[in-house]
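Here's the letter readout for the chains.
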Amino acid sequence: MKRKYSSAERLHKSSGIEVIVEEVSTHPLCLHGPTLLFSGEKGRYFACATCRDKKDCTVHIDEDDWKKEGVRKRNEKYYNLIPKIDKVAALNKFNEVKSRHPSDRAYCNTCTDLYIISQSKKHRGGDHRITTPLTEELLNSPSSWLPPLENDSSEAQYIFSKKAVSTVLGILRNNNIKNLLCIGTPSVHEAAQLDPDFDSLLLDYDTRYHLFHPPNKYIWYNMFNNYLFDGNNDEKILKKFIKLSKDRKLCIVMDPPFGGRVEPLLHTIKELSSMYNKINDIEDVEKLLPVIWAFPYFSEAYITNLAPEIKMHDYQVEYQNHKKFQNSKGGRKFGSPVRFFTNLPLLTIDLSNDSSYKFCDKCKCWVSVTNMHCTKCKSCTSKNGMTYRHCKICGQCVKPTYQHCTTCGRCAQEKHRCDLIVESQV
Ligand SMILES: C[S@@+](CC[C@H](N)C(=O)[O-])C[C@H]1O[C@@H](n2cnc3c(N)ncnc32)[C@H](O)[C@@H]1O
Ligand SMILES: [Zn+2]
Ligand SMILES: [Zn+2]
Ligand SMILES: [Zn+2]
Ligand SMILES: [Zn+2]
Ligand SMILES: [Zn+2]
Ligand SMILES: [Zn+2]
């Protein structure tokens, strides 16, 4: 018996709440841009695209109520509540700070301010969390030292290891792609900015990045509703970058916060792809742009069910500030659970320099040394970093810790309840 859904998918399904994927520009607003339409046991309602915890964003409007004039009027306040960022002022400030000696440059995390120490008294005193000196290298790589934002559930900021960043750039080189739309991947954007082979645009919800990048290199953005917070101005920047990418080829490099929902993210990829295709006169407007998407392996069935052209690669994506997501000591026993999902040929992910991977002649791609090719499944079947084994009765490879249960007719953990399908086989 084959099971189609991964644990992540069941998580979404078991919560019983579906996202209705549609154009969001007519939806009510919250501080995170247009809300999404959800459908659950209690009917259809609009709620925040970003915050999973209702405490973080309280907007909740029943679909039927949205037709009422009063409700619409009340929601209009959000147009004014969403703050504006002044990218030109930030650029001037950045240039001034940059003209100073590194020991005179500082960033105050308490006030979110980049400043010149000898010209400011504001940040003196113990309450201000200061980073100084700021060398060229640090100014060019704020993602490596900016403290992660506090709101872990919606903004979880985990930065790729240097190796993971160079793997991404290597994949792009192998595909002759020179331009990157970095969605929630500031570290890749920073590396691309320093590499003459590449050009990139950062789309991220974290507004601190506007202090470090010129106006045409950073857009304040929500990837769950494809929302540009500075409307027309940002759209001009994005469209210009997309147009200039025609001959250099463009790839979306995306690393959403963990637990983010797949449907709106895929919708965003589709909308950006269609924008690219229209601007660049590509006949097939539905053709997806190349994408490299970092996400946990247990989301595989969920992503590939909705977008079969996007495949999961076995590379374990490591992070510099997430202990569990490293392969070294102290990390998760079977390595990072994050993988790259991509519609680029898997063969172009060349890991020949990394002794943790081997080339599988049959699958024609690099896989973890612990992954074994199964002649019955005709693929290297491990997903989570363990070595899977084939169960003849299930007709598929399963985790080595699973045993076949004749009562429920599937492989599962030894101690499981046959009446509850909670564990995924893969
Ligand atoms: C898991 S971290 C990925 C960072 C990436 N690994 C890197 O090294 O650059 C998630 C990133 O997405 C950004 N982010 C969080 N929520 C977002 C949203 N709704 N829309 C756009 N970006 C978001 C965060 O600011 C952060 O940069
Ligand atoms: Zn919100
Ligand atoms: Zn301060
Ligand atoms: Zn194989
Ligand atoms: Zn097998
Ligand atoms: Zn079995
Ligand atoms: Zn059982």
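On a predicted model such as this, the values are computed, not experimentally measured, just so you know. (Residues numbered from 1 in each chain as written. Chains lettered and ligands numbered in written order. Predicted model: local features only at pLDDT ≥ 70, side-chain atom pairs only at ≥ 80, totals over all residues. Heavy atoms only, no water.)

Quick rundown of the site of ligand 1? Include the residues and the values.
Close to ligand 1 lie 23 residues, the nearest being Y158, F160, S187, D204 and D255. Residue D255 places a side-chain N or O atom 2.7 Å away from a nitrogen atom belonging to ligand 1. For ligand 1, the accessible surface in isolation is 600 Å², of which the surrounding protein chains cover 100%. Looking at the shell around ligand 1, the elements that each hand over two or more residues are α6 (152-155), α8 (186-194) and β12 (218-222). Tallied by class, residues from the shell around ligand 1 come to 12 nonpolar, seven polar and four charged. (Near = heavy atom within 4 Å. Polar contact = N/O pair within 3.5 Å; in protein donor to acceptor, adjacent residues only side chain to side chain. Areas by Shrake-Rupley, 256 points an atom, 1.4 Å probe, with all protein chains shown as cover. Helix = DSSP H or I, 4+ residues; strand = E, 2+ residues; numbered from the N terminus. Nonpolar A, V, L, I, M, F, W, Y, C, P; charged D, E, K, R; others polar.)

Help me get a handle on the sheet that holds strand β11 (residues 199-204), residues and values and all.
Here eight strands make up an open sheet; going across it, the order is β13-β12-β11-β10-β14-β15-β17-β16 and the pairing mixed. Of all the strands in the sheet, just β13 (227-228) and β16 (311-312) have a single pairing partner and so form its edges. Where strand β10 (residues 179-183) meets strand β14 (residues 250-254), five bridges bridge the pair, whose relative direction is parallel. The partner of C182 across the bridge, within β14, is V253. (Pairing = 2+ DSSP bridges.)

Let's hear about the coordination of the zinc ion (ligand 6): which residues, and what values?
When a metal carries six donors in an octahedron, the ideal angles between them are 90 or 180 degrees, while four donors in a tetrahedron ideally lie at 109.5 degrees. Protein coordination of the zinc ion (ligand 6) is provided by C391 (SG), C394 (SG), H404 (ND1) and C411 (SG), with donor distances spanning 2.1 to 2.3 Å. Coordination at the zinc ion (ligand 6) comes from four donor atoms whose angles at the metal span 103 to 116 degrees, giving a geometry best classed as tetrahedral. In primary sequence terms, the donor set of the zinc ion (ligand 6) follows C-x2-C-x9-H-x6-C. Assessed through its relative accessible area of 24%, H404 is described here as partly exposed. Take C411: its relative accessible area is 1%, and that puts it in the buried class. (Donors = N, O, S within 2.8 Å, 3.2 Å for Na, K, Ca; no water. Tetrahedral: all angles 85-135°; square planar, octahedral: opposite > 155°, others 65-115°. Buried < 20%, exposed > 50% of the residue type's maximum accessible area, 1.4 Å probe, protein only.)

Lay out the domain arrangement of the protein chain with the relevant residues and their values.
Along its sequence, the protein chain is organised into domain 1 (7-81), domain 2 (87-140) and domain 3 (152-350). Put simply, the middle of domain 1 and the middle of domain 3, counted by C-alpha atoms, are 25 Å apart. If you look at the interface, domain 1 gives 21 residues, while domain 3 gives 20 residues. Together domain 1 and domain 3 conceal approximately 1800 Å² of surface at their shared face, both sides included; 55% is due to carbon and sulfur atoms. In this structure, the connection of domain 1 to domain 3 is made through zero salt bridges. Taken together, the links from domain 1 to domain 3 amount to six residue pairs in polar contact (both at pLDDT 80 or more). Within the residue set of the side of domain 1 that touches domain 3, elements represented by two or more residues are α1 (7-15), β1 (18-20) and β3 (33-34). At four residues, α1 tops the list of elements feeding residues into the side of domain 1 that touches domain 3. A breakdown of the residues in the side of domain 1 that touches domain 3 according to their chemical character gives 10 nonpolar, five polar and six charged. (Domains from an automatic or database assignment. Contact = heavy atoms within 4.5 Å. Buried area = accessible area lost by both parts, 1.4 Å probe. Salt bridge = Lys/Arg side-chain N within 4 Å of Asp/Glu carboxyl O.)

Give a description of the sheet that holds strand β9 (residues 130-131) that names residues and reports values.
If you walk across this open sheet you meet the three strands as β8-β7-β9, and the pairing is antiparallel. Looking at the sheet topology across the chains shown, the edges are occupied by β8 (113-116) and β9.

Give me the coordination of the zinc ion (ligand 3): which residues, what numbers.
In the first shell of the zinc ion (ligand 3), the protein supplies C108 (SG), C111 (SG), H123 (ND1) and H128 (ND1), at 2.1 to 2.3 Å from the metal. The coordination sphere of the zinc ion (ligand 3) comprises four donor atoms, whose angles at the metal cover 105 to 118 degrees; the geometry is tetrahedral. For the zinc ion (ligand 3), the donor residues sit on a single chain with the sequence spacing C-x2-C-x11-H-x4-H. Here H128 lies in the loop between β8 and β9 and C111 lies in the loop between β7 (105-108) and β8, a separation of 17 residues in the sequence.

Quick rundown of the nonpolar core? Include the residues and the values.
L172, L180 and F212 are the most contacted members of the largest nonpolar core, which totals 46 residues. At six residues, helix α7 (residues 162-174) tops the list of elements feeding residues into this core. Of the residues that make up this core, three or more belong to each of domain 2 (87-140) and domain 3 (152-350). In this view, L172 contacts I177, L180, F198, C251, V253 and I292; residues no more than four positions away in its chain are not counted. Counting 42 residues, the second largest nonpolar core, distinct from the first, contains I183, I242, V262 and I269. (Core = buried A, V, L, I, M, F, W, Y, C linked by side-chain atoms within 4.5 Å.)

Residue-level account of the packing of helix α9 (residues 231-244) against helix α10 (residues 262-279), with values.
The geometry of a pair of packed helices is captured by two quantities: the angle between their axes and the separation between those axes. Viewed as axis vectors pointing N to C, α9 and α10 meet at an angle of 65 degrees, and their least axial separation amounts to 9 Å. At the point where α9 passes α10, the crossing takes the right-handed sense. Here E235, L238, K239, I242 and K243 of α9 come into contact with α10, specifically with L272, M275, Y276 and I279. Of the residues that constitute the contact of α9 with α10, the class distribution is six nonpolar, no polar and three charged. (Axes fitted to C-alpha atoms, helices over the stretch in contact; angles between N-to-C directions. Left-handed = near helix turned anticlockwise from the far one by under 90°.)

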